[in-house]
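# Overview (structure and organization)
As a plain string of letters, each chain reads:
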Amino acid sequence: MHRPVWKLRSITDSFAKSKSKSQHVWGLGNVADKVGVSRFVSTSTGVCYFRGYRGDLTKTAQMQIVSALRLGERSRASSLLLDLGHGNHALRADDFVDILSYCASSPDPLFVMETWQIMKEKNISLNSLCYMHMMEALCKGGYLDEAFNLINILGESHSICGILPVYNSFLRACAKMRSIIHANQCLHVMEQRMVGKNESTYPELVELAVWQQDLSTVHEIWRDYIKHYSPGILCLQKFIWSFSRLRDLKSAYETLQHMVVLAIRGNHFVERTVEGRFYSSRLDIPIPSSGELSSEKFNLENTELEDYASEVNHCSSLKSAVETVGMGVLSNHMSWPAKSLVRRSFNDVIHACAKTKECGLAEQLMLQMQSLGLQPSINTYDGFVKTVVSEKGTRDGMKLLKLMQQRNLKPYDSTFATLAIGFSRDLELDLAEALLDQISRNRHLHPYNAFLAACDMTDQPERAVPILAKMKRLKVRPDIRTYELLFSLFGNVNAPYEEGNILSQVDSSKRINAIEMHMAKNGIQHSQLSMKNLLKALGTEGMIRELIQYLRVAENLFRHNGTCLGTPIYNVVLHSLVKAEESHRAIEIFKNMKLCGFQPNAATYSIMIECCSVIRCFKSACALVSLMLRDGYYPETLVYTSLIKILLKDGDFDGALNLLDQANLEDIQLDILLYNTILYKAHEEGRIDVMEFIVAKMHQEKIQPDPSTCHYVFSAYVDAGFHGTAMEALQVLSMRMISEDDHQDMRTKFEEEFILDEGLEAESRIIQLFKDSDEYLAVALLNLRWCAILGFPIHWSPNQSLWVRKLATSYDARTSYAN
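In this report, we go over the structure that sits alongside the text. (Residues numbered from 1 in each chain as written. Predicted model: local features only at pLDDT ≥ 70, side-chain atom pairs only at ≥ 80, totals over all residues. Heavy atoms only, no water.)

This part takes up the packing of helix 38 (residues 688-700) against helix 39 (residues 707-719). Packing of helix 38 against helix 39 brings their axes to within 11 Å, and their N-to-C directions diverge by 145 degrees. Two packed elements cross with a definite hand, and for helix 38 against helix 39 that hand is left-handed. Residues Ile 688, Met 691, Glu 692, Val 695 and Met 698 of helix 38 touch helix 39, and the partners they reach there are Thr 709, Tyr 712, Val 713, Ala 716 and Tyr 717. When the residues that make up the contact of helix 38 with helix 39 are grouped by side-chain class, the tally is eight nonpolar, one polar and one charged. (Axes fitted to C-alpha atoms, helices over the stretch in contact; angles between N-to-C directions. Helix = DSSP H or I, 4+ residues; strand = E, 2+ residues; numbered from the N terminus. Left-handed = near helix turned anticlockwise from the far one by under 90°. Contact = heavy atoms within 4.5 Å. Nonpolar A, V, L, I, M, F, W, Y, C, P; charged D, E, K, R; others polar.)

Moving on: the environment of Tyr 776. By the element assignment, Tyr 776 lies in helix 43 (residues 775-789). The spacing of Tyr 776 and Pro 705 is 71 residues in sequence and 9.0 Å in space, taken between C-alpha atoms. In this structure Tyr 776 touches Pro 705, Asp 706, Pro 707 and Met 737, once residues within four positions along its chain are discounted.

All right, on to the nonpolar core then. By size, the foremost hydrophobic cluster in this structure holds 230 residues, and its most contacted members are Phe 96, Phe 170 and Ile 694. In terms of residues, this core owes the most to one element, helix 15 (residues 249-265), which gives nine residues. (Core = buried A, V, L, I, M, F, W, Y, C linked by side-chain atoms within 4.5 Å. Buried < 20%, exposed > 50% of the residue type's maximum accessible area, 1.4 Å probe, protein only.)

A word on the pattern of salt bridges. Taken as a whole and judged by the stated rule, the model has 23 salt bridges. Residue Glu 433 pairs with Arg 463 through a salt bridge whose shortest N-O separation is 3.0 Å. Placement of Glu 433 in helix 24 (residues 429-437) and of Arg 463 in helix 26 (residues 461-473) is noted, with a sequence separation of 30 residues between them. Side by side, Glu 433 and Arg 463 carry an identical accessibility label, which is buried. When the shortest N-O distance is used, the salt bridge between Lys 645 and Glu 610 registers 3.0 Å. In this pair, Lys 645 sits in helix 35 (residues 637-649) while Glu 610 sits in helix 33 (residues 602-615), placing the two residues 35 residues apart along the sequence. Note on Lys 645: relative accessible area 25%, which makes it partly exposed. What makes Glu 610 partly exposed here is its relative accessible area of 22%. Each of Asp 430, Glu 433 and Arg 463 takes part in a single network of salt bridges with overlapping partners. (Salt bridge = Lys/Arg side-chain N within 4 Å of Asp/Glu carboxyl O.)

What is shown is where atoms sit, not what they do.
This is how it looks when you write it as structure tokens:
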């Protein structure tokens, strides 16, 4: 039922009658002045009151109390309130209106309750105006329990309990405070008292449903709304917002089209208060939707999701409306508040497109805005940039940023943040850092964490230092993800492939302590990943004693928090111990780990099999493989590498080659590390036959050699005195390091600029390739240049080499004999 509309109107009518009666008794204002009666206008309602000398006194007292509250003199205001309440003259509810009005606008719920206490002591009954001010102050201040108690206490007053704006205000506060319990209590009371709903109730209910992520309830509210009301722009804007937030783009888009149609037809009825809040100026009379707009657009149950771009271009109602009014002249047919709401709704849908990666729809909406004469705002571009970046990438987003700058639009910090995150993910640190530098006030942490993660991936901790300084300057508070990255970036000091020393270990310890102290200062505890990165840093530095100590600390910490430490953390510790050849400690921790109920995974078994290669115990390694199979893990390349390494340490080349054949039979994807393991031992033992077989097998399996392969093969031939063969092998392997498919058209350039160039700068250019992370190509070109300098001609068909044909013949003969 929608009785509160009429109930509210009856209160207004009676208020108007009493005002008319007063004017009839006292006549004009100058007559009242003659008989000693003053006239004043309420600051809260704009209504004119007439009072005598007693009214002047209470009015002055109210002004003094309000003035004291404005100055922050609460004790003085309380004293004045007590003086007002304990005076000898009779008081009415009107004598507290100005005080309550100020408390509502402040808001100041505590002084409202203090005022209410005085009124209860004086047995002063609340009128509707005082009641509304008190509810507004309590709701704005977040005192929902007190506000709901006020609703219950005054429930018996029929002149007050039916004031629907009070309930709407309470529901609005529930949505703001995200208190579904209070909202349900309010709805229950409204149902009991048959208060009903008016058009302003629906937006509050929608906001509660959005907070609960309940799209079906939003649709239910929508159907109830159009059942009782012909949609207005203000309510449509709230529904478009709700559909967009819940990623129902179809409903949001269709509702937006209806909103545009109403705007073009001139059905606005939207005004704005002095405080800047929108309100509907049309009479609140329930008129159900009817006609084409209702039947064609509001029935969303049996429709299917269609192509958005086609629907934009062929929306019949919108197309006809635009053709009737004329393109680009929408602003001439709308008030400023209505135009603002329409633009806001476009922005909501475009921002929703960013979350659902509907770039095509966002582009169509941008074109539609321009055709309707609505210039995209900074907020519009913010949503559009996010949409474009999510689907097309950061380069297209940068084009939009430049377009904004050409139009003298200063992007939001969130726009810069979106692009910075995109470039950080693309590992383009220069552009990401330049965009982060343009952020002035945004305190969102995500773009900074994204940049730190990019620094971690590219192993450039020095790039993170100025960003951390900027975070401190902007007072951006780190979270646990930040500290996880800091441990990874700064936990260890030594560069990759370098061993830790006393100096680096001291620095590493200082850094870890500083990061942990900063964590404690911000009240953040370790996560699994932060502890894992910390332990990994200690292991990288070779700080075994500290590693074990921190492992015990981590065990106690996570046990105290009710969580387990986790197998990945134990794997980090075991890997560090095995790498440091602390095999007995690794075995002890592995046993304790199993006793504590931690189930080893494939990585754990691989690490412990590698541990067996350190202690040269093939029997223990086979036992671990058996346990691994029993737990459902199958050996991969790393396990075979460790097993082969054990056999090679005992000089068992036949057993190693048999394992290699077994891995091939089981379709294990072998890598260059495994082959290099065999080549290294073959070179060390002078087994040219094994080395040549492995090189031929690598070519047969299409395993690309690396610089280590070249070194082992070349050195083996040199040590054996076969210098010519060594140079031929080096040339062949170097050419195989250069991908034939990728560099077929680059051979002439390689010869002229790198290999055969007699200038000194040629080698500098090759070194630059190494700096650009093209290590294999740089080493291959240096090797070929060395061969050319020694007088060996360059042939780009390595398979025609006599050495290659010899290896192929030997390989075929051996495999045929084995079969």
